[in-house]
Structure formats: C-alpha cells, structure tokens
Amino acid sequence: SIIFTERPGRIRLIDSNGALQAEPLLTISEVAARGEGGLLGIAVHPDFSQNGFVYVYHTYQGQAGLANRVVRYRLDGKRLMLNQVILDGIPASNIHDGGRLKFGPDGYLYITAGDASQPNLAQDKNSLAGKILRLKGDGSIPSDDPFPGSPVYSYGHRNPQGLAWGDRGRLWETEH
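Here is a short report on the structure shown in this document. In this text the structure is predicted, and so the values were computed from the model without any measurement. (Residues numbered from 1 in each chain as written. Predicted model: local features only at pLDDT ≥ 70, side-chain atom pairs only at ≥ 80, totals over all residues. Heavy atoms only, no water.)

1. Thoughts on the environment of N51
Then comes step 1: Structurally, N51 can be placed in helix α1 (residues 48–51).
Then comes step 2: With a relative accessible area of 16%, N51 lands in the buried category.
Then comes step 3: For the pair N51 and S16, spaced 35 residues apart in sequence, the C-alpha to C-alpha distance is 19 Å.
Then comes step 4: Ignoring sequence-local partners within four residues, the contact set of N51 consists of H45 and R74.
Then comes step 5: Within the structure, the side chain of N51 is placed 3.2 Å from the side chain of H45, a separation counted as a polar contact. (Helix = DSSP H or I, 4+ residues; strand = E, 2+ residues; numbered from the N terminus. Buried < 20%, exposed > 50% of the residue type's maximum accessible area, 1.4 Å probe, protein only. Contact = heavy atoms within 4.5 Å. Polar contact = N/O pair within 3.5 Å; in protein donor to acceptor, adjacent residues only side chain to side chain.)

2. A word on the sheet that holds strand β11 (residues 152–155)
Then comes step 1: Spatial strand order, β8-β9-β10-β11: four strands in an open sheet with antiparallel pairing. The two strands at the open ends of the sheet, each matched to only one other strand, are β8 (101–103) and β11. Looking at each pair of strands side by side, their axes are set apart by 20° on average, direction ignored.
Then comes step 2: Of the pairings in the sheet, the one linking strand β10 (residues 131–135) to β11 comprises three bridges and is antiparallel in character. Following the sheet pairing, I132 is matched in β11 by S154. (Pairing = 2+ DSSP bridges. Axes fitted to C-alpha atoms, helices over the stretch in contact; angles between N-to-C directions.)

3. A word on the side chain of R12
Then comes step 1: Relative to the helices and strands, R12 resides in strand β2 (residues 10–14).
Then comes step 2: A distance of 3.5 Å separates a polar side-chain atom of R12 from the backbone oxygen of A22.
Then comes step 3: Not counting chain neighbours up to four residues away, the residues in contact with R12 comprise I2, I3, F4, E6, L20, Q21, A22, E23, P24 and L25.

4. A few points about the packing of aromatic side chains
Then comes step 1: Following the criterion strictly, the structure yields four aromatic pairs and no others.
Then comes step 2: Ring geometry for Y110 and Y153: centres 5.3 Å apart, planes at 90°, overall edge-to-face. Of this pair, Y110 sits in strand β9 (residues 109–113) while Y153 sits in strand β11; the two residues are 43 residues apart in sequence, bridging distant segments of the chain.
Then comes step 3: Under the relative-accessibility criterion, Y110 is labelled buried at 2%.
Then comes step 4: Taking relative accessible area as the criterion, Y153 reaches 29% and is therefore assigned partly exposed.
Then comes step 5: Taking 5.0 Å as the distance between ring centres and 70° as the angle between the ring planes, the aromatic pair formed by Y110 and W165 counts as edge-to-face. Note that Y110 is positioned in strand β9 and W165 in strand β12 (residues 160–165), a separation of 55 residues in sequence. W165 carries the same exposure label as Y110, and that label is buried.
Then comes step 6: Among the aromatic residues, those joined into a cluster by ring pairs are Y110, Y153 and W165.
Then comes step 7: The ring of Y60 carries R69 above its face, with NZ or CZ at 3.7 Å from the centroid.
Then comes step 8: Here the basic side chain of R72 rests over the ring of F53, its NZ or CZ set 3.9 Å away from the ring centre. (Phe/Tyr/Trp six-rings, centres within 6.5 Å; stacked < 30°, edge-to-face > 60°. Lys NZ or Arg CZ within 6 Å of the ring centre and 35° of its normal.)

5. Let's talk about the sheet that holds strand β4 (residues 39–44)
Then comes step 1: Strand order in the open sheet formed by four strands is β4-β5-β6-β7, and the pairing between neighbours is antiparallel. For this open sheet the edge positions go to β4 and β7 (79–91), each flanked by a neighbour on one side alone. Each strand of the sheet is rotated relative to its neighbour by a mean of 25°, with strand direction disregarded.
Then comes step 2: Of the strand pairs in this sheet, strand β5 (residues 53–62) and strand β6 (residues 65–76) are connected by ten bridges, and their pairing is antiparallel. Its bridge partner being in β6, Y55 is matched across the sheet by R72.

6. Quick look at the nonpolar core
Then comes step 1: Ranked by internal contacts, the top residues of the largest apolar core, which has 17 residues, are V70, L87, I90, L101, I111 and L133.
Then comes step 2: Among the secondary structure elements, those contributing two or more residues to this core are β5, β7, β8, β9 and β10.
Then comes step 3: For L101, the residues in contact, after removing those within four places along its chain, are G41, I42, A43, Y55, V56, Y57, V70, L109, Y110 and I111.
Then comes step 4: Judged by nonpolar contacts, the second largest core, of 13 residues, contains I28, V54, V71 and L80. (Core = buried A, V, L, I, M, F, W, Y, C linked by side-chain atoms within 4.5 Å.)

Here is the structure:
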C-alpha cells in the first residue's frame, strides 16, 4: 500500500490492491497551501509495522505569518490520529519551504527546510530555515548532531528537496 499527501491537506491511501480509498486517512484543515507551501513531506517510521507512526511536514498560518511543522500521527485502521508535534516554527514563505522527510540508515528522521526566501537565514545556525535537520523519532535531538542541542545537521541550503544515502552511508541531497 502507499500513503501519500495532497498539497491542500489530505493524506490518502492506495491499498495493496492498487485501489485509492474513497476517504482520506486524514484532512488537516490548518494547512496553508500557498505558493510552494502546503502538505508536503511524508515518511513512515522504520518500525511502522509495530508502532504505526506516520510523519508529515506542512505549512500553516501562524500568528507571525507562515510557518512549517513536522507532526507525528499514528495509523489506527483507516484513520490517522494526532500523536504529537515533533518540530514547529520552521520558517515558511510562498517559496523555498523544503519539506522532504526521510528516515536515514541511522534510524533518525531527516527534515529539509528551505530558506523561506530569506537567504541570510540559511547561514544563521540559530534559524531552522535553509537547513537539513535531524531528530529522533520522538522529536528529541540526537547527542551526536553537529551542533549540540540543535536539530541542525547541515546548513546553507536554498531549498533542499531530495534526500538519499549512498552505499557508503553518505547523505546526498538535491535542491532547486
């Protein structure tokens, strides 16, 4: 089966027989599908068959403007139930929102965040914009992240989108 996102805020399921289920697993009403933002990335936990965890990255309208967050849900039958916000306050804009989620071979969650059309934020290690972020599945920060106490794994990115690991375990990313 395949779980996938639709940018306006729906999370859908194609079952193992190839049929699109009529009802979404979840519709997130607060998703702000503006410009390049919306319901973007999705990843299932490496132990999905045991815990049912599904992670999504989405843009929303906060009090100070657009922002992105990562939320963990649990699949319960044909519905996703809210479990917890993993990371919030990732800067957003009409362009350069990043949004890829992928679990690495180390079991950690990697998150791409665009520079939110503010290139200077990509160089600011105190900002979550223009970064590749790395967290444990519960949202805590791994002790071996490059900047202690920070989810920042790599910085200086414009709009990272693709993530892959080579046969030597090296992380590769693509952006536009």
